[in-house]
Amino acid sequence: MTDKEIIEHLRNNKYQKATNGLYSILPSVKKYMNANNGTNDDAKDIFQDALVILYKNVQDKNFALTVPLASYMHGIVKNLWLQELRRRNKIPVTEEQIEVSEVIITEERNFAIAKAAFNLLGEKCKKLLIMFYFNKKSYKELASFLGFGDERTAKNQKYRCLQKAKENYLTLSTGSHE
Amino acid sequence: MTAEERTAFEKQMVADNELQQEVFIQEQIITAAKTAGLKNTFAKAIKKKWIIKRLTQFGVGVILLVAAAFVFYAIKTNIFSSHEEDRTNIENVEWISINNAADTIIETNDGVVFAIPAQAFAGKSGKVQLEIKTAIRPYDIMRQGLSTESNGALLQTAGMFYINGYEDGKPIGLVKNIDVSVPTNKVNPAMQLFDGVMDSSGNINWVNPRPIENNLRTHDIATLDFYPPNYIPALKALGKEYTNKRYTDSLYYSFSGYYYPEKSAGYKKLDSTVTIAIEGEGRFGEVTDTLKKYQGGEIFYQKCASCHIMGRDFTGPNLQDVLSKWPSKQVLKEWILDNAKATKKYPYLADKNNWSQSVMQVFEGQLNDAELEALIKWVDEWKGDAGQKSDTSIRHYDRYDFHYEIDPSRIRAIWDRKFNNTLLATKEFEERLRYIHSLCESDFLRIYIERLDKPMYEIDQVIAERTTGSIREKFLEFAARKDGRVILKQGMQEKLSAYFGKKYNAYKTATEKTKAKYEAELAKLNQVASEKKGEYVIRDIIREDKNFNEEFCINLTEAYSQIGIKRRCDDTIPPPPPNSIEYYNVTVDTVGWKNLDMYVLDATSNRQSMTYTDPVTGKTALLTYKEVSIAIKDMDQYDKILVYLIPDSLSSFQRIRQQGTLFKENLNSLFSYDVVAIGYRGDKIFYYKQANVQPGQYAVGLSSVSEKDLKGILQKYSGQKSNELRTEFEYQLFEQQEIMRQIQLRKDHEFREKIAAAIFSCDEGTYWIPEYPVVQPGDFKK
């Protein structure tokens with residue numbers, strides 16, 4: 001699969017096809033992680049985050065790849081990992097310059113609070129919000145998948161989950177600052 | 001800008017800010033949600049890719065049992081990729097809240113059934129949250145990224161499931177077994193159950209394999225078939241109501257106490273499923289004996305009862321224990337057939353001849369050897385006041401019953417709702433019981449009854465060890481199926497074993513009591529018949545005496561009047577010379593012979609015409625007897641025909657004896673006779689009546705008549721005659737019914753013999769190793 005094809009897949013929400021194409025990068029990611037105080041689990045996690053970032057980047061029509069996609073992905077991975085290490089207070093010996101736009105990464109950094117706020121939610125809330133916003137399920141479908149009595153209950157539940165997430169956000173943002 | 005405007009603006013700004021912030025936060029959250037969803041999606045995509053990679057590595061060697069084709073197809077066409085949009089939502093996970101205090105059955109949408117007994121979890125609150133994950137369909141297995149590796153080797157799988165219980169969010173342990181049923185298209189007996197152990201990377205390694213024991217499904221025991229395999233086919237072949245359970249049960253259970261000795265005999269197969277016993281020695285030799293017994297009774301009543309009454313001397317001697325009084329059965333047979341010839345052949349039989357003045361009838365040509373055998377057997381076994389001896393031809397071996405076939409009372413004791421929800425109430429047991437019936441050992445049934453809590457395959461093994469040949473093979477085959485158990489509550493085994501023992505004995509005793517009662521009834525009936533016959537014969541003789549008396553008187557008076565003398569009948573006449581054949585009791589009280597008296601006596605006794613000329617007066621006395629001969633049309637179709645003469649001047653009727661195919665009698669010209677012929681066929685009555693019959697030849701046909709109507713006809717005669725006719729008719733009717741009864745008894749017995757042969761048809765070819773020492777009936781001599 002060519003880089004162009006992979007990007008097309010991402011733009012068309014063909015997640016599996018894109019992943020299949022990018023899968024070959026995973027071993028080298030693992031290798032990098034292991035060499036930099038990272039475990040295989042960390043590698044999986046970072047790789048997934050990198051895919052998410054790639055996905056978001058390519059949605060912009062003006063996005064143009066100047067390097068091989070593998071290198072680009074590597075860049076994202078390294079950057080994410082550095083961030084993570086800094087968060088864990090394990091600053092690496094060397095910092096490298098990367099080709100990836102700092103802007104996007106910074107946005108991700110800011111976005112971290114929202115991510116954290118979201119992660120603090122219970123499993124059911126998380127599922128509900130993902131199903132509604134990402135999978136774009138209707139209230140009816142939500143009701144049947146999640147075992148709510150009717151649509152109204154589903155709607156109620158979604159509202160409550162969102163409120164909880166906002167609360168979490170406020171708590172986090174007053175407590176810590178990046 | 002005014003102060004108010006400023007305030008308003010600031011307010012607006014603030015408000016907007018708050019609003020803005022609110023909106024901003026919300027958007028952030030939503031983005032976070034989307035991102036989380038995206039991350040999940042990619043995570044799954046990675047997993048899927050990994051699995052497919054592994055599968056393609058191994059290629060043909062790896063087949064998922066339930067749908068191998070599906071997997072290959074998927075790899076070839078990348079089918080997964082085209083549906084991602086909708087697949088990346090909820091995994092096949094269910095969260096269910098159950099009540100720990102009650103039994104719960106849960107079925108997932110892919111057909112896995114969890115049967116959770118009450119108190120299965122070690123929780124306190126009574127409420128348990130179950131997390132259940134199932135992956136049965138290959139799609140689910142793939143999607144959840146589950147492995148099928150066991151210590152590095154790949155497995156075939158019929159499905160995976162995960163179950164965990166939580167109380168207030170905390171996992172709690174399982175204290176009882178949960179039954180899980182995994183749906184499959186085909187049971188593979190080699191399938192085993194593995195535990196899944198998850199390592200740090202989230203991969204599952206399947207370990208600790210153990211065989212799957214399928215719990216057996218129980219049925220309502222009343223719907224199962226515990227009969228011996230040949231029983232219903234035999235009933236069907238004999239045209240009986242084989243679908244009527246009350247009848248089939250009742251008939252089958254009535255064979256309790258029927259045991260056949262082990263030695264096999266020759267028996268012919270009527271068809272492949274039903275064996276009918278035929279004459280032969282050994283095992284089924286008794287069958288013909290019993291048949292003979294009932295036939296013997298018939299013959300006795302038909303042929304012998306006119307001169308013999310069982311239990312006492314009569315015209316002929318008491319025949320009780322007849323064989324003890326004869327040197328051999330053969331000689332007795334010859335005597336019966338022709339006593340004169342036998343006496344010539346065996347001079348010592350002269351004593352028998354001298355037993356009375358009467359001469360025994362000759363039966364040459366009337367009884368064949370089989371009939372003689374039957375008759376002699378019946379007579380010899382006749383026992384005193386109790387009537388007939390009990391049925392000894394089928395030996396009872398109650399005390400030794402572990403030695404023989406399954407007594408129906410055993411089956412009756414287990415074919416009982418009490419055994420519902422046990423190992424016996426299963427199709428698996430029903431299947432095995434058919435083979436157990438074919439073993440000549442009821443003990444094998446006991447093996448099941450005492451192992452109700454064990455798995456079937458274990459019992460199959462036990463039985464296989466005690467048998468050889470094709471039965472052993474069969475039970476090894478059963479054992480290989482690994483049919484499981486039926487869960488039995490604590491303490492039930494002892495209770496059920498005890499219940500079985502109690503019921504078995506109760507039923508056996510009840511059946512035996514009923515049988516004894518039945519045979520007592522039978523004996524009583526036989527006794528009654530015997531007595532009635534006895535009474536009848538006596539009555540008959542008295543009647544004939546009376547008839548003779550009266551006829552003689554009338555003849556005498558007539559003869560004397562013909563020669564001019566008035567002579568009254570109450571004059572006495574001395575006994576006739578001793579070389580007369582028949583001796584009638586004639587009332588005499590005067591001494592002195594008168595010649596004419598003798599002539600008249602002769603004529604009357606012989607029923608022949610006479611002429612006498614009085615030497616004194618020269619006058620002639622004439623008595624005329626002329627023959628009438630009556631032939632009955634279609635004689636053979638009647639069981640019995642009796643022809644009566646009803647003379648007008650006598651107080652009773654006369655019976656015409658049958659000579660060959662005709663009824664002949666000499667009519668006294670002084671009387672006018674009616675003739676009445678009565679024929680019997682089964683339970684039907686036929687008759688013919690003619691008034692004022694004359695000497696000559698008649699050929700008449702009988703017409704059907706009811707008992708009531710015939711009695712009415714006989715009533716028409718005057719006084720005593722009609723009474724005696726009626727009594728005679730009633731007796732003959734009774735005798736006919738008695739013969740019918742004997743015939744029915746024999747038919748019933750024949751039927752029972754055939755059914756017994758079908759029920760007790762164990763396969764002698766099975767050698768078995770007994771748990772108890774082999775006991776012979778002779779070991780327990782009384």
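Keep in mind that what you see is a predicted model, and the values were worked out from it rather than measured.

Cut-off values and rules
- Residues numbered from 1 in each chain as written.
- Chains lettered and ligands numbered in written order.
- Predicted model: local features only at pLDDT ≥ 70, side-chain atom pairs only at ≥ 80, totals over all residues.
- Helix = DSSP H or I, 4+ residues; strand = E, 2+ residues; numbered from the N terminus.
- Buried ≥ 20, exposed ≤ 12 C-beta atoms within 10 Å, placed from the backbone.
- Contact = placed C-beta atoms within 7 Å.
- Expected span 1.5 Å × (residues − 1).
- Pairing = 2+ DSSP bridges.
- Core = buried A, V, L, I, M, F, W, Y, C linked by C-beta atoms within 7 Å.
- Domains from an automatic or database assignment.

Participant: What am I meant to see in the overall build of chain B here?
Facilitator: Assigned secondary structure in chain B consists of 20 helices and 26 strands. Considering chain B as a whole, with its 782 residues, one finds that 29% of them fall into the buried category.

Participant: Would you mind showing me how to read the overall build of chain A here?
Facilitator: The secondary structure content of chain A amounts to 9 helices and 0 strands. Scanning chain A from its N terminus toward the C terminus, one meets helices and strands in the order α-α-α-α-α-α-α-α-α. A burial count over chain A gives 35% of its 178 residues as buried. A separation threshold of at least 6 residues defines the contact pool for chain A, and within that pool the share at least 24 residues apart is 54%.

Participant: What is the right way to look at the interface of chain B and chain A in this model?
Facilitator: Interfaces are often sized by the amount of accessible area the parts lose when they come together. With 29 residues of chain B in contact, the opposing surface of chain A contributes 33 residues. Breaking the side of chain B that touches chain A down by element, the ones donating at least two residues are α1 (3-58) and α3 (84-87) of chain B.

Participant: What am I meant to see in helix α7 (residues 123-134) of chain A here?
Facilitator: Helical geometry: 3.6 residues make up each α-helical turn, so side chains three or four residues apart lie on a common side. Residue and element names in this part refer to chain A. With 12 residues, α7 extends 15 Å between its outermost C-alpha atoms, agreeing within 8% with the 16 Å of an ideal straight helix rising 1.5 Å per residue. Among the 12 residues of α7, 9 are classified as buried, and the element is accordingly described as predominantly covered. Every buried residue belonging to α7 is among Lys126, Lys127, Leu128, Leu129, Ile130, Met131, Phe132, Tyr133 and Phe134, and all of these are buried. Just beyond α7, the residue with positive phi is Lys136, at close to 55 degrees.

Participant: I tried to follow the pairing of strand β7 (residues 160-167) of chain B on my own but got confused; where do I start?
Facilitator: Each regular strand displays side chains that alternate between the two surfaces of the sheet. All names here are of chain B. Across 7 bridges, the pairing between strand β4 (residues 127-135) and β7 is antiparallel. The partner of Ile132 across the bridge, within β7, is Ile163. Counting the residues in the hairpin turn of β7 and strand β8 (residues 170-172) gives 2 residues, including Asp168, whose phi is positive at 50 degrees.

Participant: I would appreciate a short explanation of helix α11 (residues 369-381) of chain B in the present structure.
Facilitator: In this model α11 of chain B runs 18 Å from its N-terminal to its C-terminal C-alpha over 13 residues, within 8% of the 18 Å that 1.5 Å per residue would give. Of the residues making up α11 of chain B, those classed as buried are Leu372, Ala374, Leu375, Ile376, Trp378 and Val379 of chain B.

Participant: Help me understand the sheet that holds strand β25 (residues 696-700) of chain B in this model?
Facilitator: Picture the strands of a sheet paired through backbone hydrogen bonds; they go either parallel or antiparallel. Here we have 4 strands laid out as an open sheet, ordered β21-β22-β18-β25 (chain B), and mixed in their pairing. The strands lining the two open edges of the sheet, one partner per strand, are β21 (658-659) and β25 of chain B.

Participant: Whenever I open this one, the nonpolar core confuses me. Can you help?
Facilitator: Soluble globular proteins tend to bury their nonpolar side chains together. If you look at the biggest cluster of nonpolar residues, it comprises 50 residues, and the most contacted ones within it are Ile46, Ala50, Val77 and Phe118 of chain A together with Ile29 and Ala33 of chain B. Two domains each donate at least three residues to this core, and these are domain 1 (1-100) and domain 2 (112-178) of chain A. Setting aside its immediate chain neighbours within four residues, Ile29 of chain B contacts Ala114, Ala117, Phe118, Leu162, Ala165, Lys166 and Tyr169 of chain A. Counting residues in each nonpolar core, the second largest holds 44 residues, with Tyr252, Leu445, Phe475 and Phe500 of chain B among its members.

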